[in-house]
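Topology and contacts: notes
Spelled out, the chains give:
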There are 4 protein chains.
Amino acid sequence: MMRLNEEAKGVYVIALTPFTETGDLDLDSTDRMVDFYLERGATGLTVLGMMGEAQKLTIEESQTYVRRILRRVDGRVPVVAGVSAAGFAQMQALTSMVMDDGAAGVMSAPPSSLRNDQQIVTYYKQAAEFIGDTPFVLQDFPLVTSVTIPVSVIQTIIDQIPTCVCLKHEDWPGLSKITALRTASETTGKRRISILCGNGGVFLPEEMARGADGAMTGFAYPEMMRDVVHYSEQGNPERAQDIFDAYLPLARYEQQPGLGLSIRKYIMAKRGAIATPALRKPGGALSSADISEIERLIARQDRRLKELG
Amino acid sequence: MMRLNEEAKGVYVIALTPFTETGDLDLDSTDRMVDFYLERGATGLTVLGMMGEAQKLTIEESQTYVRRILRRVDGRVPVVAGVSAAGFAQMQALTSMVMDDGAAGVMSAPPSSLRNDQQIVTYYKQAAEFIGDTPFVLQDFPLVTSVTIPVSVIQTIIDQIPTCVCLKHEDWPGLSKITALRTASETTGKRRISILCGNGGVFLPEEMARGADGAMTGFAYPEMMRDVVHYSEQGNPERAQDIFDAYLPLARYEQQPGLGLSIRKYIMAKRGAIATPALRKPGGALSSADISEIERLIARQDRRLKELG
Amino acid sequence: MMRLNEEAKGVYVIALTPFTETGDLDLDSTDRMVDFYLERGATGLTVLGMMGEAQKLTIEESQTYVRRILRRVDGRVPVVAGVSAAGFAQMQALTSMVMDDGAAGVMSAPPSSLRNDQQIVTYYKQAAEFIGDTPFVLQDFPLVTSVTIPVSVIQTIIDQIPTCVCLKHEDWPGLSKITALRTASETTGKRRISILCGNGGVFLPEEMARGADGAMTGFAYPEMMRDVVHYSEQGNPERAQDIFDAYLPLARYEQQPGLGLSIRKYIMAKRGAIATPALRKPGGALSSADISEIERLIARQDRRLKELG
Amino acid sequence: MMRLNEEAKGVYVIALTPFTETGDLDLDSTDRMVDFYLERGATGLTVLGMMGEAQKLTIEESQTYVRRILRRVDGRVPVVAGVSAAGFAQMQALTSMVMDDGAAGVMSAPPSSLRNDQQIVTYYKQAAEFIGDTPFVLQDFPLVTSVTIPVSVIQTIIDQIPTCVCLKHEDWPGLSKITALRTASETTGKRRISILCGNGGVFLPEEMARGADGAMTGFAYPEMMRDVVHYSEQGNPERAQDIFDAYLPLARYEQQPGLGLSIRKYIMAKRGAIATPALRKPGGALSSADISEIERLIARQDRRLKELG
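What you are looking at is a predicted structure, and each value in this text was computed from that prediction instead of being measured.

Brief notes about the overall build of chain A
Each helix and strand counted, chain A has 12 helices and 8 strands in total. For a compact globule of 309 residues, the expected C-alpha radius of gyration is about 19 Å, and chain A comes in at 18 Å, within 12% of that figure. Taking the principal axes of the C-alpha coordinates as reference, chain A spans close to 50 × 45 × 35 Å. The long-range fraction of contacts in chain A, counting pairs at least 24 apart against all pairs at least 6 apart in sequence, stands at 74%. Split by element, the accessible area of chain A, about 10700 Å² in all, is 50% carbon and sulfur. Seen as two clouds, the 33 positive and the 38 negative side-chain charges of chain A have centres 2 Å apart.

Structure representation (structure tokens):
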């Protein structure tokens, strides 16, 4: 069985959770979405993340959804599941559930109550005790969690918790964190973990140049992340950036907090990856002005990509 | 079957969740604790609250625990269950579970992401849609939730959501809120809901004088709340306050954020209500200095109560 | 004398405060910077804003700096001064000082302690009492202030406080706010105030299309804002967007919270607008990796602009 | 000239700033208030604190007020001035101003933007650079600042910044911090600084027993703090606690966030220490219900104190 480890790279797409118009899980769309992601270069999937509306699902629904994902993926790429929960017992139960069903690892963001270095380290040590030998991704996303994790604390977690194998990097700004962690492993022999970057990919060229291993984000055009990662690794950063620049106006638009998920689902539905753009309640809806802006940006993006060749 | 309604009064004790030293649910202690509360004047119980370590339980444990509570209570008093959850589907699932098992109503605190009046009203309207005709307690506890709910918003919720039957009042300061809500129902004919007060009871005499119907809190001496409510209702506020004053030094000490639950469990174990003071992880532990202080305050409290007669 | 009013439009550049390497005010650079902004299309200047390091200045320094700005501007464009302060008396003193010296108006962001609709309205009413008939800009910037101002509250302020003549719009996402405010003035006859947009200009094409009157932000290439505003008003949104897209990779990079000011000052120094990129303490410093990234983005931007013609 | 140092002890009263009904500084009341405090056992005064409405004063008013305080005190006790400011230059200017006028030291709370250990240490190092050899009090008040300072960070500040001579201790709960700091100085020879306790004095008996040197708070009955400190030091903690208990119902009432200052000023005016209870805007006003409660608590307190003898 696949297990997430420090070698994770490429594009771990943050998967949507498709719903029907009436708010039920849309499992047929789930299959189609998996295919969509894999056809566009996903080297992994991350489910039940913040942009996966995980907190709106019951436990049973979470399991149904994850099982459907795993069945469709069928071992082609590793699947990571978000298990951030109000308490460790729930995190443990969720972890057991998804790992028993075949997930490769889990992801955990710090609760917003953590307020200093020691509290953060202690939290992850206790979490690691609860989830045993399950490999996990540390999600560093201060904009949403309000927890600022200094590099020294990330390094302590890497040093003391061997099951922390990957950093989902979405501090903003956070480029210097990548540099500091890579320098630490190169110059002092610290364990090198995987760094996969979030934030809708809007800093991906710089992140790759700083030493990231890829992306873990859900921009509705996974081919952008695939290409930027590919050309960065091929030593062709200008080509990577040309492609990135073509997608940036839309990526920026999709990156609006709160509204972003509606935008992403709209595009994914338009692209045929899911049947409808419905969010489960509570969820924003797009206005006709929003939709016009999206359509215009897509049209411009298509032209620009065609020019690029 | 008992259903919570606007007439709720007296002392709804915020029940502990007893654990064994190894962190398992302690169901024998649960029985003993129920008896302890009822013998000391509880007119209701509120389980799975913040001080009930609800967030540390799995769904299955929550059900096991609530069922044990309900079996032991056996219809003698209504039982309210906290159902604050990350999303509405989970809240709905929890609500169905506890109501099917015989709870009288549920309690819900606002998520800390709510940032203005309309968001709060919308949140409770959506919550009410999800939990159907289940009566609910609105928990107003800004110190923990960071959500400040103005009186006008509480009044809008009362006006527009008939299943909101009770306010767990623990804004601090919040005395003027009680006055404003009572004035609104007396002078403009607004629906009068139950107001039960939290914060460890440290403002209970004033809250009763302002028009509250009782307490919903978990101070380890429920007889304090029982007596203050009783003498307040009997028109004997001086006697109510004499008793209150005798307990205040310890109530103040127990009210320390974070540490308070350890103190409460220590006293409850000392009083024989539960077998051990163990908190489930993550949970603070008392130092020997803490314990000396508690013992000293209890000894002084005992003397003072004896003097009072 | 010029006074800010509801007709404000174009590009109100958020001005830097130039310092010498030793942390003193650099008044010669201040002159040069004013010229730089005006030559690149500024129709107004906003000084002592968050990105102007206002909070690092003493009152005396603020006055010295504002006077220097005003002398150099010499009535060519209106100058707005930030007066956000810990209390109303300080705000009043600052306002008197800058208005006496010739400013056209002031700008005020809500203190982060405000937590509901009524508190926000009350705050601005009290502020308006203190600053008298001075026209002011309401700065709506939740990412920094943590105060979320609903459209209804902005509309109440517009309705009840005639000296509120401009909204510095930098909610994120906030496009729907512009639409709502413009609809209110068009369909219900509400007073139409100026809306100038912030956030480094990264949503400027959409904001103009929604009804904004221009930009109030400090991206180191004011010509971007000038051109986007110009072509938007000329009915040529595609040309506006082409130019915007060329600047977007760098605008995005400059928009990093915290680090952004160092980036902006670096570019402004490179462009000759100020003598050195020094921030007053406490202030971040750019690493060599940061600088390489900036230089690369500038080079790419230059090529792209040349292609555009 | 008196300078604050590690030996500070007793009762440093957090002084009010008296205003007239029209919102001007009331300097005559300032004199009377100084006498009131000193007659009731103040061993120091702390001015321009949060409860001194410091943020509502202009710089000129701050100076006028501090000078008046210093003239009336006339060297009898040391005077500490709060200098928390938006930036270091302002903090430096305020510090120079009050120290030149004869203050004994300054006090500084961390800005709420600080989010991890290193940021806090760096902040105080930079602050110390700006204020030079001025001795300062570190105010640890997370309820208001939202900055949680771990013991290890306080100890680092003590170790690395010799001008930090006193901790204003008002973490809640914070008793273990006192124990930890005292243990560090006793067992490992760390520098022992003064610890003076805030929070309206509602934990003063326990704080003294843990090793605090006194109080730095503004409860309207300074004689409570004087007596609790005195009897604690005399080895008579039961007498200290008897007196404390008599004041606790009112101290608890005065400790309500936001409303507390209005309560304190009401009592101080009633006691003749200041002419009127007016707060400068924005400031809460007491309702008639509030006033009745206060009067009732004072009457009960008087009876209880008489019984105590």
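So that's the structure; there's more coming.
With respect to the interface of chain A and chain C
With 31 residues of chain A at the contact, the number on the chain C side is 31 residues. Between chain A and chain C the total buried area reaches about 2800 Å² when both faces are included, carbon and sulfur atoms providing 50% of it. Together, Trp172(A), Arg252(A) and Arg300(A) form the three largest contributors to the area buried by chain A at its contact with chain C, with a combined 23%. Here chain A is connected to chain C by 16 salt bridges. For the salt bridge of Arg300(C) with Glu238(A), the shortest nitrogen-to-oxygen distance reads 2.7 Å. Here chain A is connected to chain C by 20 residue pairs in polar contact (both at pLDDT 80 or more). Those elements that provide at least two residues to the side of chain A that touches chain C are α8 (204–210), α10 (237–254) and α12 (288–308) of chain A. Among the elements that take part in the side of chain A that touches chain C, α10(A) stands out by supplying 10 residues, more than any other.

Examining the interface of chain D and chain C
Between chain D and chain C, the contact holds 19 residues from the first and 19 residues from the second. With both sides pooled, the region where chain D packs onto chain C buries about 1400 Å², and carbon together with sulfur makes up 62% of that total. Area buried by chain D at its contact with chain C is led by Gln55(D), Gln90(D) and Lys281(D), which between them contribute 31% of it. At the boundary of chain D and chain C, one finds 2 salt bridges. Measuring nitrogen to oxygen at the nearest pair gives 2.9 Å for the salt bridge that ties Glu129(C) to Lys281(D).

Things to note about the relation of the copies chain A and chain C
Once turned by 180 degrees and shifted 0.0 Å along the axis, chain A lies on chain C with an RMSD of 0.0 Å. Here the symmetry operator amounts to a two-fold rotation axis.

Considering the relation of the copies chain D and chain C
Screw-axis analysis of chain D against chain C gives a translation of 0.0 Å along the axis, an RMSD of 0.0 Å, and a rotation angle of 180 degrees. Here 100% of the interface residues in chain D have copies in chain C that are interface residues too; the copies meet face to matching face.

A few points about the side chain of Ser29(D)
Residue and element names in this part refer to chain D. Along the chain, the position of serine 29 falls in helix α1 (residues 27–39). Residue classification places serine 29 among the buried positions, given a relative accessible area of 0%. Side-chain polar atoms of serine 29 contact the backbone nitrogen of alanine 275, separated by 2.8 Å. Dropping the residues within four chain positions of it, serine 29 is found in contact with Pro18, Ala273, Ile274 and Ala275.

A look at the nonpolar core
By size, the foremost hydrophobic cluster in this structure holds 191 residues, and its most contacted members are Tyr37(B), Leu45(B), Tyr37(D) and Leu45(D). Contact partners of Tyr37(D), with chain neighbours within four places excluded, come to Val13(D), Ile14(D), Ala15(D), Leu16(D), Ala42(D), Leu45(D), Pro222(D) and Met268(D). Among the nonpolar cores identified, the runner-up in size contains 190 residues, and Ile154(A), Phe203(A), Ala215(A) and Ile274(A) belong to it.

Details of the sheet that holds strand β2 (residues 44–47) of chain D
Residue and element names in this part refer to chain D. Read around the closed barrel, the 8 strands follow the order β1-β2-β3-β4-β5-β6-β7-β8; overall the barrel is parallel. Bridge count between strand β1 (residues 10–14) and strand β8 (residues 214–215): 2 bridges; the pairing is parallel. What sits directly across from valine 11, in β8, is alanine 215. Of the strands in this sheet, β3 (79–82) and β4 (105–108) touch helix α3 (residues 88–101), which is tilted by about 150 degrees from β4. Lying over the sheet, helix α7 (residues 175–188) contacts β5 (136–140), β6 (164–169) and β7 (194–197), oriented at roughly 170 degrees with respect to β7.

Focus on the sheet that holds strand β6 (residues 164–169) of chain B
Residues and elements named next belong to chain B. The strand order around the closed barrel formed by 8 strands is β1-β2-β3-β4-β5-β6-β7-β8, and the pairing between neighbours is parallel. Looking at chain direction, strand β4 (residues 105–108) and strand β5 (residues 136–140) are connected through 3 bridges and run parallel. Among the inter-strand pairings, methionine 107 is bridged to a residue of β5, identified as valine 137. Packing of helix α7 (residues 175–188) onto the sheet brings it into contact with β5, β6 and β7 (194–197), and relative to β7 it is tilted by some 170 degrees.

Digging into the pattern of salt bridges
Tallied over the entire structure, the rule returns 128 salt bridges over all chains. Between Glu295(A) and Lys270(A) there is a salt bridge whose closest N-O contact spans 2.8 Å. Here the residue Glu295(A) occupies a position in helix α12, and Lys270(A) occupies one in helix α11 (residues 260–270), the gap between them amounting to 25 residues. Lys270(A) sits in the partly exposed class, given a relative accessible area of 44%. A salt bridge links Arg303(B) to Glu238(D), with the nearest nitrogen and oxygen atoms 3.6 Å apart. One end of the pair, Arg303(B), is in helix α12 (residues 288–308); the other, Glu238(D), is in helix α10 (residues 237–254), on a second chain. What emerges from the salt-bridge pattern is a single network uniting Asp28(A), Asp31(A), Asp35(A), Arg68(A), Arg72(A) and Arg76(A).

Comments concerning the packing of aromatic side chains
For the structure shown, the criterion picks out 34 aromatic pairs over all chains. Between Phe219(A) and Tyr221(A) the ring centres are 5.6 Å apart and the planes differ by 45 degrees, which places this aromatic pair in the tilted class. Neither Phe219(A) nor Tyr221(A) differs from the other in exposure class; each is buried. In this structure an aromatic cluster arises from ring pairing among Phe88(A), Tyr123(A), Tyr124(A), Phe130(A) and Phe136(A). Residue placement shows Arg239(C) over the ring face of Tyr231(C); its charged tip is 5.4 Å from the ring centre. Lying over the aromatic face of Phe36(D), Arg40(D) brings its terminal NZ or CZ to 3.8 Å of the ring centre.

Details of the pairing of strand β5 (residues 136–140) of chain C
All names here are of chain C. Where burial is concerned, most of β5 is hidden: 5 out of the 5 residues are buried. Residues of β5 alternate between two faces, with Phe136, Leu138 and Asp140 on one and Val137 and Gln139 on the opposite face, all of them buried. Between the parallel pair strand β4 (residues 105–108) and β5, the chain is carried across by helix α4 (residues 117–131), and the sense of this crossover is right-handed.

Regarding the packing of α10(D) against helix α12 (residues 288–308) of chain D
When two helices pack together, you describe them by how their axes are tilted relative to each other and by the distance separating the axes. Residue and element names in this part refer to chain D. Where α10 meets α12, the axes come as close as 8 Å, and the angle between the chain directions of the two elements is 170 degrees. The pairing of α10 with α12 is recorded here as roughly antiparallel in orientation. The residues of α12 that touch α10, namely those facing Arg239, Asp242, Ile243, Asp245, Ala246, Tyr247, Pro249, Leu250, Arg252 and Tyr253, are Asp290, Glu293, Ile294, Leu297, Ile298, Gln301, Arg304, Leu305 and Leu308.

Focus: unusual backbone geometry
In the segment running from Lys281(C) into Pro282(C), the intervening peptide bond is cis, with an omega of -10 degrees. Examined against the element boundaries, Pro282(C) turns out to sit in the loop between α11 (260–270) and α12 (288–308). A positive phi angle is found at Ser146(D), which is not glycine, with a value near 60 degrees. One can find Ser146(D) in the loop between α5 (142–145) and α6 (151–160). Under the relative-accessibility criterion, Ser146(D) is labelled partly exposed at 34%.

Rules used in this analysis
- Residues numbered from 1 in each chain as written.
- Chains lettered and ligands numbered in written order.
- Predicted model: local features only at pLDDT ≥ 70, side-chain atom pairs only at ≥ 80, totals over all residues.
- Heavy atoms only, no water.
- Helix = DSSP H or I, 4+ residues; strand = E, 2+ residues; numbered from the N terminus.
- Rg over C-alpha atoms; globule rule 2.2 N^0.38 Å.
- Contact = heavy atoms within 4.5 Å.
- Areas by Shrake-Rupley, 256 points an atom, 1.4 Å probe, with all protein chains shown as cover.
- Lys, Arg positive; Asp, Glu negative; His and termini not counted.
- Charge placed at Lys NZ, Arg CZ, Asp CG, Glu CD.
- Buried area = accessible area lost by both parts, 1.4 Å probe.
- Salt bridge = Lys/Arg side-chain N within 4 Å of Asp/Glu carboxyl O.
- Polar contact = N/O pair within 3.5 Å; in protein donor to acceptor, adjacent residues only side chain to side chain.
- Least-squares fit on C-alpha atoms with pLDDT ≥ 70 in both.
- Buried < 20%, exposed > 50% of the residue type's maximum accessible area, 1.4 Å probe, protein only.
- Core = buried A, V, L, I, M, F, W, Y, C linked by side-chain atoms within 4.5 Å.
- Pairing = 2+ DSSP bridges.
- Axes fitted to C-alpha atoms, helices over the stretch in contact; angles between N-to-C directions.
- Phe/Tyr/Trp six-rings, centres within 6.5 Å; stacked < 30°, edge-to-face > 60°.
- Lys NZ or Arg CZ within 6 Å of the ring centre and 35° of its normal.
- Right-handed = clockwise from strand over helix to strand, strands pointing away.
- Parallel < 35°, antiparallel > 145°, perpendicular 65-115°, else oblique.

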